[in-house]
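This is what each chain is made of:
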Protein chains: 2
Amino acid sequence: MTEQKKSDQTRQKILTAGRALISKHGFGAVGLARILKESGVPKGSFYYYFPSKEAFGHALLTDYVSDYLARIDALCAGPGSARDKLTAFWTAWLAQAGSEGIASQCLVVKLGAEVADLSEDMRCVLDDGVAKLVDKIAALLVQGAKDGSLIPVDDPQATAQMLYAKWLGAAILSKLSRDETPLRRALSETNSTLSTS
Amino acid sequence: MTEQKKSDQTRQKILTAGRALISKHGFGAVGLARILKESGVPKGSFYYYFPSKEAFGHALLTDYVSDYLARIDALCAGPGSARDKLTAFWTAWLAQAGSEGIASQCLVVKLGAEVADLSEDMRCVLDDGVAKLVDKIAALLVQGAKDGSLIPVDDPQATAQMLYAKWLGAAILSKLSRDETPLRRALSETNSTLSTS
DNA sequence: GGAACTAATAGACCAGTCGTCTAGTATTGA
DNA sequence: TCAATACTAGACGACTGGTCTATTAGTTCC
């Protein structure tokens, strides 16, 4: 009662190890054996928690998306202008790039193209997560127009989607070139396009 | 003499079938057996033409990049303003989307994230191709500023890279959502940002 | 014709894949 | 206490992956 059921802990361990491995190598490229070895869970247990590898991938993405959106919500709920929040959000992409592999955290970057042709279920989870994220960005744009920190835009939804597209593309270009320049340019372009003053 | 050596024809057949399969499913997800079967080449022959699957991937990308750049060169050498050429280039992304899988042709879209963490050789080929493509886009921006069809920009190289990033991201979003809207928005945003008049 | 050489192929090989199955241990509730 | 459930354990099967060796088919030259 005081703690999570042990069952959930084990399940979470698999999910966590899986996320690390898969965000680095891709979904298809990582075998169950590797994930299980990494998380110290025997093979037999895997199929107790997940009916298939695809179902596992589905759970992994669901988990990831909900984590991600929760973090954005926390950011939005905090103090500061809409502009500050947006900047903080984008800057995090660069920060991740610095620490380990460039844009290595973001599963949309790593799995977007793979999952789209692999599993309808997984595709929908990721697509849904992106849609919600774009909504939140659009909301920030609206808020920024009100508090005067951002330039008003005609169609916040469209602008938010194109903003996200630019960052997604820039992340892939940075991965490909092993160079943060695309991400840095995205940041400066984003600022100069949207910021007042 | 009159014709290519048969050896080269066979090699090309493998490359062609490989490109179709891999641009749809990804590099790792497609086995040699499938490619060979598709191209009607016996399995035992593969290692006569390529020393390894990775070397094959390298050749595949080299082939693809050179095809792609040649097409751009042909477009640039043709008639019309820089603006027309750029528009024709981007519109092709949408046209591909319409016919079969969205943005299914572009190997940068499909393989960018996969290859970046898979093979240094393949990564370099793709990265090099993208760099050259961005150069050509930048050259069009410069030309457009001169012929008056496009708004002059401060840093054509940076603008071209961000332009490509936006389209790359939009293509992935379109793949993910099975909806051309992101690509269409990219087109209208590109036009309204760059076009004079 | 027959030797010498290259071009091309067949099929074996083993590591690795996902998923199943049977057996076993802990934990719970009555 | 005892039985039922929750969970662990890993061997096993059927199959696919890329790779390589041994062999055949084809050409060239004397």
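Reading guide: rules and limits
Residues numbered from 1 in each chain as written. Chains lettered and ligands numbered in written order. Predicted model: local features only at pLDDT ≥ 70, side-chain atom pairs only at ≥ 80, totals over all residues. Heavy atoms only, no water. Helix = DSSP H or I, 4+ residues; strand = E, 2+ residues; numbered from the N terminus. Expected span 1.5 Å × (residues − 1). Buried < 20%, exposed > 50% of the residue type's maximum accessible area, 1.4 Å probe, protein only. Phe/Tyr/Trp six-rings, centres within 6.5 Å; stacked < 30°, edge-to-face > 60°. Near = heavy atom within 4 Å. Polar contact = N/O pair within 3.5 Å; in protein donor to acceptor, adjacent residues only side chain to side chain. Salt bridge = Lys/Arg side-chain N within 4 Å of Asp/Glu carboxyl O. Domains from an automatic or database assignment. Contact = heavy atoms within 4.5 Å. Buried area = accessible area lost by both parts, 1.4 Å probe. Axes fitted to C-alpha atoms, helices over the stretch in contact; angles between N-to-C directions. Parallel < 35°, antiparallel > 145°, perpendicular 65-115°, else oblique. Left-handed = near helix turned anticlockwise from the far one by under 90°. Nonpolar A, V, L, I, M, F, W, Y, C, P; charged D, E, K, R; others polar. Least-squares fit on C-alpha atoms with pLDDT ≥ 70 in both. Core = buried A, V, L, I, M, F, W, Y, C linked by side-chain atoms within 4.5 Å.

Enquirer: Just to check I follow, could you spell out helix α4 (residues 53–77) of chain A for this structure?
Expert: An α-helix turns once every 3.6 residues. As a result, residues three or four positions apart point the same way. Between the first and last C-alpha of α4 of chain A there are 36 Å, a value that for 25 residues agrees with the 36 Å anticipated at 1.5 Å per step. What α4 of chain A keeps buried is the set Phe56, Gly57, Ala59, Leu60, Leu61, Asp63, Tyr64, Val65, Tyr68, Leu69 and Ile72 of chain A.

Enquirer: Honestly, the packing of aromatic side chains in this entry has me stumped. Any pointers?
Expert: Aromatic rings in a pair are described by how distant their centres are and how their planes are angled relative to each other. Residues and elements named next belong to chain A. Under the definition given, this model contains 26 aromatic pairs over all chains. Relative to Tyr49, the ring of Tyr48 lies with its centre 5.2 Å away and its plane at 85°, an arrangement referred to as edge-to-face. Given a relative accessible area of 65%, Tyr48 falls into the exposed group. Ring geometry for Tyr68 versus Phe89: centroids 6.4 Å apart, planes at 85°, classification edge-to-face. On the criterion of sequence distance, the pair formed by Tyr68 in helix α4 and Phe89 in helix α5 (residues 82–99) is long-range, its members being 21 residues apart. Each member of the pair, Tyr68 as well as Phe89, carries the same accessibility label: buried. Every member of this aromatic cluster is reached through a ring pair, and the members are Tyr64, Tyr68, Phe89, Trp90, Trp93, Tyr164 and Trp167.

Enquirer: Just checking my understanding: could you explain the protein's contact with DNA strand C for this structure?
Expert: Around DNA strand C, a shell composed of 14 residues is seen, among which Lys43 and Lys53 of chain A together with Pro42, Ser45 and Tyr48 of chain B lie nearest. At a separation of 2.9 Å, a phosphate oxygen of DNA strand C approaches a polar backbone atom of Leu32 of chain A. When contributions to the surface near DNA strand C are tallied by element, the ones reaching two or more residues are α2 (32–39) and α3 (43–49) of chain A together with α3 (46–49) of chain B.

Enquirer: Before we go on, may I ask you to explain the pattern of salt bridges in this structure?
Expert: Evaluated as defined, the whole model comprises 20 salt bridges over all chains. Here the residues in one salt-bridge network are Arg19, Asp63 and Asp67 of chain A, joined through shared partners.

Enquirer: Where do I start with the domain arrangement of chain A in this structure?
Expert: By a widely used convention, the size of an interface equals the accessible area lost when the partners come together. Residue and element names in this part refer to chain A. As far as domains go, chain A holds domain 1 (1–49) and domain 2 (53–194). In this complex, domain 1 contributes 17 residues to the contact, which on the side of domain 2 involves 18 residues. In total, domain 1 and domain 2 occlude about 1500 Å² of area from one another, counting both sides; carbon and sulfur atoms represent 66% of this. Here domain 1 and domain 2 share two salt bridges between them. As a salt-bridge pair, Arg19 and Asp63 come within 3.4 Å of each other at their nearest N and O atoms. The interface formed by domain 1 and domain 2 contains seven residue pairs in polar contact (both at pLDDT 80 or more).

Enquirer: Please explain the packing of helix α8 (residues 156–177) of chain A against helix α6 (residues 107–116) of chain B as it appears in this structure.
Expert: For any two helices packed against each other, one specifies the crossing angle of their axes together with the interaxial distance. The N-to-C vectors of α8 of chain A and α6 of chain B enclose an angle of 50°; their axes lie 9 Å apart at closest approach. Looking at the two axes, α8 of chain A sits oblique to α6 of chain B. Two packed elements cross with a definite hand, and for α8 of chain A against α6 of chain B that hand is left-handed. Seen from α8 of chain A, the contacting residues are Ile172, Lys175 and Leu176 of chain A; seen from α6 of chain B, they are Val108, Gly112, Ala113 and Ala116 of chain B. Its residues assigned to classes, the contact of α8 of chain A with α6 of chain B comprises five nonpolar, one polar and one charged.

Enquirer: For this particular structure, what's the right way to read the interface of chain B and chain A?
Expert: Facing 36 residues of chain B, the contacting portion of chain A comprises 36 residues. Summed over both sides, the interface between chain B and chain A buries roughly 3200 Å², with carbon and sulfur atoms accounting for 63% of that surface. When the buried area of chain B at its contact with chain A is split by residue, Met162, Leu176 and Arg185 of chain B rank highest and sum to 22% of it. For the pair chain B and chain A, the number of links is six salt bridges. The interface formed by chain B and chain A contains 14 residue pairs in polar contact (both at pLDDT 80 or more). Breaking the side of chain B that touches chain A down by element, the ones donating at least two residues are α6, α7 (120–147), α8 (156–177) and α9 (181–194) of chain B. Here the side of chain B that touches chain A gets 16 residues from one element, more than from any other, and that element is α8 of chain B.

Enquirer: Sorry, what's going on with the relation of the copies chain B and chain A here?
Expert: The operation relating the pair of chain copies consists of a rotation about an axis and a translation along that axis. Between the two copies, chain B and chain A, the superposition gives an RMSD of 0.2 Å; the rotation angle is 180° and the shift along the axis is 0.0 Å. When the rotation and shift are considered jointly, the pair of chain copies conforms to a two-fold rotation axis. Taken together, the interface assignments show that 100% of the residues at the interface of chain B recur at the interface of chain A, consistent with an identical surface on both copies.

Enquirer: Explain the nonpolar core here, please?
Expert: In summary, soluble globular proteins display a tendency toward joint burial of nonpolar side chains. Ranked by size, the top nonpolar core spans 130 residues in total, and within it Trp93 and Tyr164 of chain A together with Trp93 and Tyr164 of chain B carry the most contacts. The contact partners of Tyr164 of chain B, leaving out residues within four places of it in the chain, are Leu173 of chain A together with Trp90, Trp93, Val108, Val130, Leu133, Val134 and Ile137 of chain B.

Enquirer: In this structure, what is going on with the side chain of Ser195 of chain A? I would like to understand it.
Expert: On the secondary structure map, Ser195 of chain A appears in the segment after α9 (181–194). A distance of 3.4 Å separates a polar atom in the side chain of Ser195 of chain A from a polar atom in the side chain of Arg83 of chain A.

Enquirer: Would you take a moment to explain the packing of α9 of chain A against α8 of chain B for this structure?
Expert: As a packed pair, α9 of chain A and α8 of chain B sit with axes 10 Å apart at the nearest point and diverge in direction by 95°. The orientation of α9 of chain A with respect to α8 of chain B, classified from their angle, is roughly perpendicular. Residues Thr181, Pro182, Arg185, Ala186 and Glu189 of chain A of α9 of chain A pack against Gln157, Ala158, Thr159, Gln161 and Met162 of chain B of α8 of chain B. Among the residues forming the contact of α9 of chain A with α8 of chain B, the class breakdown is four nonpolar, four polar and two charged.

Enquirer: Looking at this structure, I do not really get unusual backbone geometry. What am I missing?
Expert: Among all residues save glycine, negative phi is the norm, and among peptide bonds the norm is trans. All names here are of chain A. The phi angle at Arg178 is positive, at roughly 50°, despite the residue not being glycine. Residue placement: Arg178 occurs in the loop between α8 and α9. Overall, the relative accessible area of 47% leaves Arg178 in the partly exposed class.

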